[in-house]
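Working through the structure, step by step
Spelled out, the chains give:
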Amino acid sequence: MKATVENAKQLGFAALLEKIKAAGLAEYGLVPAPLDEKIYSACAKEGDVYVHAGLNNADVDRVLLALLKDDPETVLAGIAVAGNLVGAAAKFLYLPEDEKELTDAVKPLAEEYKIVLVNDIINVRESEGDLILHIVTAKNLADLVDGCYEAGVLVDTGDGLKKTAADTKVSDLVNLDGAKAVYLGYQWFTPDEAKELTAKDATSGQICVLTDKECIVCETQKKLLKYRKASCGRCVFCREGLIQLEYEQKEITMARGKGAMLDLAKEIGEPMAYSTLCTVGQESAKIALSAIEKFGSEYDAHIKKNKCPAGVCAAFVHIYIDPNTCTGCGECMDVCPADCIEGKPNFIHMIDEFECTKCGKCIEACGDEAIQMTSGKLPKLPNRLVKVGKFKKH
Ligand code: SF4
Ligand code: SF4
Ligand code: SF4
């Protein structure tokens, strides 16, 4: 066990609280209150007080969990120090349900520090009055006691977590040239908006840049699906709202979108952001609302123009065999898992678009580059088998 807990005890409550205040230590993430105030507030709770440590519930991408993976002992020591400060009856560390490997790895150390591991999100209602502690705050607290605390925020732009000054501009952290959208702090931003933001706005530690080759509707749908899985279902607006919001994005990517869906998304998302108990409902609504509000033209292209501007959504993509290039070799038929290519030797092959799953295997297999993918209009194609070289456009 690290000496941190013992050193904190020797420092004493008042001196450590003074140290926390002087260092400006604040709760990390979405609810950034000064840590000394949070500790005093938990101490004032009547009856038993508990420490609930974890990520913010909304943090479904979990990049900050790397901190616990890399240095579990310092995080656990920080939770133990916080527990002693508030006189906690018990201390809990919440880990995502599917992080079984991490849970098993942390368990022996957690037992040493008398911290109970829970594979769930924090129940905010039941934890009222207790000390809710982000794992980054716990690590900062332990570092402060150990004399190695450095101010700053943690950011992952795709190559691991790094500490940076809170006022570092987002444009100095990621390349915004050619960016279509930037995701940070549980919202989508335009590149111009992102230029005004700094590292401290990346409350989940994550900054992602989308280019023209990525579809914002598709990316939003994937994020909402993660939230659907994370929702505990206690709040109707979170439970039902997420089902509806995710379903709508999915329908739009499947070429079944309707204009009314966007109005409905706003009707659901706006109350969801303020009528749900925890950050899962509150932040997920903002993801959907920011995508629709700031990237409306991309939604319109899917819904009204039957087009995915990024060429990502398979429902808007056509795969066809160019009748002027096909040599009738039959290689594509052999690899098609849907068995939807018709042809015979020396005849121009044809794809049954209705059955095609757009897996792209035939494109890879065709050595003559006769199989094309387009999100635009299809050229004139044969409607029956025609001998190679005999296809006429008119
Ligand atoms: S907002 Fe969602 S995850 Fe949070 S308590 Fe309500 S239902 Fe559960
Ligand atoms: S599409 Fe390509 S692989 Fe298929 S028959 Fe024509 S040339 Fe061969
Ligand atoms: S894209 Fe896949 S399913 Fe469609 S024709 Fe090619 S191999 Fe078959």
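Residues numbered from 1 in each chain as written. Chains lettered and ligands numbered in written order. Predicted model: local features only at pLDDT ≥ 70, side-chain atom pairs only at ≥ 80, totals over all residues.

**Re the packing of helix H1 (residues 4-11) against helix H7 (residues 135-146)**
- Relative orientation of the contacting elements H1 and H7 amounts to 65°, with a least axis distance of 9 Å. Here H1 lies roughly perpendicular to H7, going by the angle between them. In terms of crossing hand, the pair formed by H1 and H7 is left-handed. Residue-level contacts link Thr 4, Asn 7 and Ala 8 of H1 to Ala 142, Val 145 and Asp 146 of H7.
- Each residue belonging to the contact of H1 with H7 can be placed in one class, and the counts come to three nonpolar, two polar and one charged. (Axes fitted to C-alpha atoms, helices over the stretch in contact; angles between N-to-C directions. Helix = DSSP H or I, 4+ residues; strand = E, 2+ residues; numbered from the N terminus. Parallel < 35°, antiparallel > 145°, perpendicular 65-115°, else oblique. Left-handed = near helix turned anticlockwise from the far one by under 90°. Contact = placed C-beta atoms within 7 Å. Nonpolar A, V, L, I, M, F, W, Y, C, P; charged D, E, K, R; others polar.)

**A few points about the sheet that holds strand E7 (residues 179-184)**
- Ordered in space as E8-E7-E9, the three strands form an open sheet in which the pairing is antiparallel. The open sheet terminates on both sides in strands that have one partner only, identified here as strand E8 (187-189) and strand E9 (207-211). Sheet twist, expressed as the average angle between the axes of neighbouring strands with direction ignored, equals 25°.
- Inspection of the sheet shows E7 paired to E8 by three bridges, in the antiparallel sense. Counterpart to Tyr 183 in the pairing with E8 is Trp 188. (Pairing = 2+ DSSP bridges.)

**Comments concerning the site of ligand 2**
- In the neighbourhood of ligand 2, 15 residues make up the surrounding shell, with Cys 326, Cys 329, Glu 331, Cys 332 and Cys 366 lying closest.
- Across the shell around ligand 2, the residue classes break down as eight nonpolar, five polar and two charged. (Near = placed C-beta within 6 Å.)

**Section: the site of ligand 3**
- With respect to spatial proximity, 14 residues lie near ligand 3, and among them Cys 336, Ala 338, Cys 356, Cys 359 and Cys 362 are the closest.
- Grouping the constituent residues of the shell around ligand 3 by class yields ten nonpolar, two polar and two charged.

**Structural notes on the domain arrangement of the protein chain**
- Domain annotation of the protein chain identifies domain 1 (4-151), domain 2 (153-211), domain 3 (212-312) and domain 4 (317-374).
- If you average the C-alpha positions of domain 2 and of domain 4, the two centres end up 42 Å apart. (Domains from an automatic or database assignment.)

**Details of the nonpolar core**
- Within the largest apolar cluster, 98 residues are counted, with the highest numbers of intra-cluster contacts made by Val 51, Ile 79, Val 81 and Ala 82.
- Top element by residues in this core is helix H5 (residues 72-86). It accounts for nine residues.
- Here Ala 82 is in contact with Val 51, Leu 131, Leu 133, Ala 138 and Leu 141, once residues within four sequence places are set aside.
- If you look at the next biggest cluster of nonpolar residues, it comprises twelve residues, including Ile 321, Cys 326, Ile 348 and Cys 366. (Core = buried A, V, L, I, M, F, W, Y, C linked by C-beta atoms within 7 Å. Buried ≥ 20, exposed ≤ 12 C-beta atoms within 10 Å, placed from the backbone.)

**What about the environment of Val 209?**
- If you trace the backbone, Val 209 turns up in strand E9.
- Its 22 C-beta neighbours within 10 Å are what place Val 209 among the buried residues.
- A C-alpha to C-alpha distance of 7.5 Å links Val 209 and Lys 180, two positions 29 residues apart in sequence.
- Look past the residues within four positions of Val 209 in its chain and what remains in contact with it is Val 174, Leu 176, Ala 179 and Val 182.

**Some remarks on the pairing of strand E10 (residues 318-321)**
- Judged by which residues are buried, E10 turns out to be one-sided: Ile 319 and Ile 321 face inward and are buried, whereas His 318 and Tyr 320, on the alternate face, are not.
- With four bridges connecting them, E10 and strand E13 (residues 371-374) associate as antiparallel partners. Bridging across to E13, His 318 finds its partner in Thr 374.

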